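Residue-level listing of the chains:
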Amino acid sequence: MNMADIPNRLAAGLRGEARGQEPMARHLSWRAGGCAERAYFPADLDDLAAFLRGLPAEEPVHMTGLGSNLLVRDGGLRGTVIFTHRALRGLRLEGGGAIYAEAGTASPKVARFAALSDLEGAEFLAGIPGTVGGALAMNAGCHGGETWDIVTDVITVDRSGALHRRARSEYEIAYRHVRRKASAGDPKAGDSRSQEEWFVAARFGLRRGRGSESRRKMTELLKRRIATQPLGEPNAGSVFRNPRGDYAARLVEACGLKGRVIGGAEISTKHANFIVNRGDARAADIEALIRLAEHSVREKFGIVLEREVRIVGDAGGDR
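Residue positions within a chain follow its written sequence, with the count starting from 1. Only residues with pLDDT of 70 or above have their local features reported here, since the model is predicted, and side-chain atom pairs are shown and tallied only from 80 upward, although totals for entire chains, interfaces and linings are computed over all residues. Just so you know, side-chain values use all the structure's heavy atoms and leave hydrogens and water out.

A.B. asks: Please clarify how the pattern of salt bridges should be interpreted in this entry.
C.D. replies: Two side chains carrying opposite charge are able to pair once their charged atoms lie near each other. The rule for a salt bridge is simple: a side-chain nitrogen of Lys or Arg has to be within 4 Å of a carboxyl oxygen of Asp or Glu. Applying the stated criterion across every chain yields a total of 30 salt bridges. The partner of E196 in a salt bridge is R159, with the nearest N and O atoms 3.1 Å apart. Here the residue E196 occupies a position in the loop between α5 (192–195) and β15 (197–205), and R159 occupies one in the loop between β11 (151–158) and β12 (163–167), the gap between them amounting to 37 residues. Note that R180 and E197 form a salt bridge whose closest N and O atoms lie 3.5 Å from each other. In this pair, R180 sits in strand β14 (residues 177–180) while E197 sits in strand β15, placing the two residues 17 residues apart along the sequence. Look at E197 and you get buried, because its relative accessible area is 15%. What you see here is one network of salt bridges that share partners, running through E17, R19, E22, R26 and R86. Helix and strand labels come from DSSP, where a helix needs a run of H or I of at least four residues and a strand needs a run of E of at least two; each type is numbered from the N terminus. Each residue's exposure class comes from its accessible area (1.4 Å probe, protein chains only) as a fraction of the maximum for that residue type: buried when under 20%, exposed when over 50%, partly exposed otherwise.

Set out below in structure tokens:
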């Protein structure tokens, strides 16, 4: 597909905004990286489904929200990036203590909405710097809570634009890991590359509580984040998953890497599992620090760190 096709599709009934060569640094929390070949900002869920139906089967598709766990290499990203945070922002209270939230809704907003509705169990979402869609995709969590602990069911959209309502039981869920289970009728369900199905909404099952207590818990959580994380500098949250029985930050710091700088990027002096953009970092600088940390921890401790962040796109892009 070329960019000339997109205005024709818009004229045929699409209501979103299409752009070419969109700088991803504008949309990623690291504030670094190359351009997306194409970008689409859907008007709403129906518009998103219609756009997907019109894409060629071979067109790479990347869904993103606030870009809080994503790095696009300096050479850019082929295909179409679809941004959900402008359109998929539905948030409402349903019966029996359930909250319906669309994928583009910021996770902290869900936590605040739950507290205002006198529901408890979602307080940890206040500490997740991203959208519901991203939290679902990676089972994001903090301070003892994980996203899928409170999920009852989800709604997904596939490449054909068809919507599916899926129960929690249809997914294999672990620490920072979510994958739809394979079944006899759908043998490719467990293969994320061929599945191409994206989360567009979720229902969270919560319990009745006191909003004042939930707000107190969120305030304490945010105080801890401010005290321990470099929130004043562009970053993508935790870079690595914590190995079983240990902490990635401890391992990276024990390798003497806290404060290590490459180009415009730095392993944070405040928290060694964070990499910050000091102002002019390239994606290549950030990726080099990630690889340095991985190599150093493997050499010193024999532990292979697993990334929480996704790195996509082509290398390149001279300074």
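What follows picks up the thread again.
A.B. asks: What am I meant to see in the packing of helix α3 (residues 107–116) against helix α6 (residues 211–228) here?
C.D. replies: Relative orientation and spacing of two packed helices are given, respectively, by the angle between their axes and the distance between those axes. To obtain an axis, a line is fitted to C-alpha atoms, over the contacting stretch when the element is a helix, and the angle between two such axes runs from 0 to 180 degrees between their N-to-C directions. Contact geometry for α3 and α6: axes closest at 7 Å, N-to-C directions at 150 degrees. The orientation of α3 relative to α6 falls into the category roughly antiparallel. Counting all contacts with α3, which are made through A111, R112, A115 and L116, the residues of α6 involved are G211, S214, R215 and M218. Three residue categories are used. Nonpolar comprises Ala, Val, Leu, Ile, Met, Phe, Trp, Tyr, Cys and Pro, charged comprises Asp, Glu, Lys and Arg, and polar comprises the others, including Gly. Across the contact of α3 with α6, the residue classes break down as 4 nonpolar, 2 polar and 2 charged. Note on angle classes: values under 35 degrees are labelled roughly parallel, values over 145 roughly antiparallel, values of 65 to 115 roughly perpendicular, and the remainder oblique. Working rule for contacts: check all heavy atoms of both residues, and any pair within 4.5 Å makes them a contact.

A.B. asks: So what exactly am I meant to see when it comes to the sheet that holds strand β1 (residues 17–23) here?
C.D. replies: Across a sheet, strands are paired by hydrogen bonds formed along the backbone, either parallel or antiparallel in direction. Think of it this way: DSSP has to see at least two bridges between two strands before they count as a pair. Pairing in this open sheet of 4 strands is mixed, and the strands run β1-β2-β5-β3 from one edge to the other. Lying at the two open borders of the sheet, with one neighbouring strand each, are β1 and β3 (61–64). The mean angle between the axes of side-by-side strands here comes to 30 degrees, regardless of whether they run parallel or antiparallel. When strand β2 (residues 35–41) meets strand β5 (residues 77–83), the two strands line up parallel, connected through 4 bridges. Each residue of the ladder has a partner; that of A36, found in β5, is L77. Sheet strands in contact with helix α2 (residues 45–54) are β2, β3 and β5, and its direction is about 155 degrees off that of β5.

A.B. asks: Looking at this model, I keep getting lost on the nonpolar core. Mind explaining?
C.D. replies: What tends to happen in soluble globular proteins is that the nonpolar side chains get buried as a cluster. Among buried residues, the Ala, Val, Leu, Ile, Met, Phe, Trp, Tyr and Cys ones that are joined through side-chain atoms within 4.5 Å form a nonpolar core. Ranked by internal contacts, the top residues of the largest apolar core, which has 30 residues, are L125, L136, W148, V154 and F204. Counting only elements with at least two residues in this core, the list comes to β7 (98–102), α3, α4 (132–138), β11, β15 and α6. In this structure, L136 is in contact with T147, W148, V151, V154, V178, F199, A201 and A202, ignoring residues within four places of it in sequence. Ranked by size, the runner-up nonpolar core spans 25 residues in total, among them W30, L251, V297 and L305.

A.B. asks: Would you mind showing me how to read the sheet that holds β11 here?
C.D. replies: Pairing in this open sheet of 5 strands is antiparallel, and the strands run β6-β7-β15-β11-β12 from one edge to the other. Edge strands, defined here as strands with exactly one partner in the open sheet, are β6 (91–94) and β12. With strand direction ignored, the average angle separating the axes of adjacent strands in the sheet is 25 degrees. The pairing of β11 with β12 spans 5 bridges and is antiparallel.

A.B. asks: Is there a simple way to think about the side chain of S268 in this case?
C.D. replies: Inspection of the secondary structure puts S268 in the loop between β18 (265–267) and β19 (275–277). Exposure remark for S268: the relative accessible area of 1% places this residue in the buried category. Once you skip the residues sitting within four places of it in the chain, S268 turns out to touch P230, K258, G259, F274 and V276.

A.B. asks: Hey, could you run me through the packing of aromatic side chains in this one?
C.D. replies: Two aromatic rings are characterised by how far apart their centres lie and by the angle between their planes. Under the pairing criterion, centres of Phe, Tyr and Trp rings, with the six-membered ring standing for Trp, must be within 6.5 Å; the plane angle then separates stacked pairs below 30 degrees from edge-to-face pairs above 60, leaving the rest tilted. Taken as a whole and assessed by the stated rule, the structure comprises 5 aromatic pairs. Centre to centre, the rings of Y171 and F199 are 5.7 Å apart; their planes meet at 45 degrees, and the pair counts as tilted. Placement of the pair is Y171 in strand β13 (residues 171–174) and F199 in strand β15, with a sequence separation of 28 residues. The same class applies to Y171 and to F199, which are both buried. By way of ring pairs, the aromatic residues W148, Y171 and F199 are connected into one cluster. Positioned over the ring face of F41 is R86, at 4.3 Å from the centre of the ring. Here, a charge over a ring means that NZ of Lys or CZ of Arg falls within 6 Å of the ring centre while also lying within 35 degrees of the ring normal. Over the face of the ring belonging to F301 we find R250, whose NZ or CZ atom lies 5.6 Å from the ring centre.

So, to be careful, I would describe these as geometric facts and stop short of saying anything about function.
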